[in-house]
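Observations on the model geometry
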Amino acid sequence: MNAKEITSLSLRQLSDCLRSGELTAVQAAEAYLASIRENDPSIRAYLSILEEKAMGQAAETDRRRARGETLSPLAGVPVGIKDNICTKGVTTTCASRMLEQFIPPYNAHVIEKLEEAGAVTLGKLNMDEFAMGSSTENSFFQITHNPRDPSRVPGGSSGGSAAAVAANEAAFALGSDTGGSIRQPAAFCGVVGMKPTYGTVSRYGLIAFASSLDQIGPLTRDVADSAMVMDCIAGHDSRDSTSIRMDKLPYASQLGQDIRGIKIALPEEFFGEGLSEDVRKGIQLAARRFQDLGAEIVRVSMPALTHALPAYYIISSAEASSNLARFDGIRYGYRSPDYEDISSLYKNSRSEGFGEEVKRRIMLGTFALSSGYYDAYYKKALQVRTLITRDYSRIFAACDCILSPVAPTTAYKIGEKTANPLEMYLGDIYTVPVNIAGLPGLSMPCGAAADGLPVGMQLIGPAFSEPLLYRVGYAYETDCQPS
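Source: prediction; values computed, not measured.

The next thing to look at is the UniProt feature "domain: Amidase" (unreviewed entry) in the protein. When the UniProt feature table is mapped to this numbering, "domain: Amidase" (unreviewed entry) covers residues 29–469. When the span residues 29–469 is considered, its composition is 37% helix and 14% strand, and the gap between its end C-alpha atoms is 31 Å.

We now examine the packing of helix α3 (residues 25–43) against helix α4 (residues 51–66). The N-to-C vectors of α3 and α4 enclose an angle of 160 degrees; their axes lie 8 Å apart at closest approach. For the element pair α3 / α4, the angle class is roughly antiparallel. The crossing of α3 and α4 is right-handed. Contacts from A25, V26, A29, E30, L33 and R37 of α3 reach α4 at E51, M55, A58, A59, T61 and D62.

Take the packing of aromatic side chains next. The way to describe two aromatic rings as a pair is by their centre distance and the angle between their planes. Under the criterion given, the structure shown has 18 aromatic pairs. Seen from their ring centres, F188 and Y412 are 5.8 Å apart, and the 85 degrees between their planes marks the pair as edge-to-face. With a gap of 224 residues between them, F188 in helix α7 (residues 183–189) and Y412 in the loop between β9 (401–405) and α14 (421–426) connect regions that are remote in the sequence. Ring centres of Y392 and F396 lie 6.0 Å apart, and the angle between their planes is 10 degrees; on these two criteria the pair is classed as stacked. Of this pair, Y392 and F396 both sit in helix α13 (residues 374–396), 4 residues apart, which is roughly one turn of the helix.

By size, the foremost hydrophobic cluster in this structure holds 144 residues, and its most contacted members are L14, L114, F130, F290 and Y392. The element that contributes the greatest number of residues to this core is helix α10 (residues 308–323), accounting for 9 residues. With residues up to four places along the chain from it excluded, the contact list for L14 reads I6, L9, L23, A28, Y32, V77, P78 and A171. One finds V153, F188, A411 and Y412 within the second-largest nonpolar core, a separate group that totals 6 residues.

Here is what the cut-offs are and how they apply
Residues numbered from 1 in each chain as written. Predicted model: local features only at pLDDT ≥ 70, side-chain atom pairs only at ≥ 80, totals over all residues. Heavy atoms only, no water. UniProt positions renumbered as here; feature names shortened; annotations may be inferred. Helix = DSSP H or I, 4+ residues; strand = E, 2+ residues; numbered from the N terminus. Axes fitted to C-alpha atoms, helices over the stretch in contact; angles between N-to-C directions. Parallel < 35°, antiparallel > 145°, perpendicular 65-115°, else oblique. Left-handed = near helix turned anticlockwise from the far one by under 90°. Contact = heavy atoms within 4.5 Å. Phe/Tyr/Trp six-rings, centres within 6.5 Å; stacked < 30°, edge-to-face > 60°. Core = buried A, V, L, I, M, F, W, Y, C linked by side-chain atoms within 4.5 Å. Buried < 20%, exposed > 50% of the residue type's maximum accessible area, 1.4 Å probe, protein only.

Below, the structure is given as structure tokens:
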């Protein structure tokens, strides 16, 4: 099996080949590193490539397998990591000048889980700075290109993660999702992205953007691969106060079950002005396909969704202004060489260390929390959050899950929206309500637009319904595969 054949295998297929001895972990790592060397100069998904570390991990997995040890299904499988997830001894930059030289002294919980499972870390992946953006154009270091069309964005903020999986530069990747940052790039690049229920995956070691919204999740090539990764990374962690203490969900347990009788809601608010015709058609065709598979499509209304976007940007920016206050040029992070006193040190370090989008959100959040405006903006946004959560609860009392678009359009041209931040923010309209309510959301391909670019659909369920979402998504994905 040559390198291109190896990197074209799904995660499950690669895992089977490793377990059967058809491939070694070293061969798999070599194949992916060769793919990165060939493709990444044009895609630019990686900020750092850890060749020596990857080969060492792969060799150790092969030694353990040769000794007859029972290994995880992810043992020897190459993975890429979004660069806001801490990796011990490896630079973790958040794609920011502020953390350009930051080397964490510890691993994030998810990295501990992956290393315990024997996964092979290929490198750290590009992103929008501090996860603030929807196109991966806000990185301090480089712009990542969409493998489906290099003239277009891969989405964001986990654009490097989605691009690496789509370009066969990683068998799977980890990203983070604060308002759609896993699901939207997955849709733009034609891969599968899961934003888990809030608290399902530990945030320990994830550099915070908005702590009440952030979640780590997988980007993979298909639904079953996503379930495999979730089986590894989910679980309680006492170091994260928001981590849920509960029995681990059997994520892959319902794969292959039919979906007859499943009620799927279509909220009318998700199909209004601004939705492109290509995306509308893709979701409508997906709904009909679900009906053909025996599901029932239910038209519903969720009035509070119309207020989700402004509420999200107030809440997330307020939390960002608080979380990013620690980056002051004193304790760690970028320090300006040009200062005369403590005041100018703070001002110059933060002005020079943060990019324009990060500064924009810090200022918005600081304003929303300021005296005289707290009640008018932040408090009201929290009230809207409650209304959105109630709307979802009402729908889930009658339906099993919700079908919606992921983004209003397919991937747009690089540079097309950078001059208009508000237009880019509007692209998050279908994803942010899920984070506001803390629910799981699965993004997966549902066909292509007229120009061939991927169209993504989103399945949303009640808290901890990931097994159901995987079941519904897998049924659709299997039905779409050529026989």
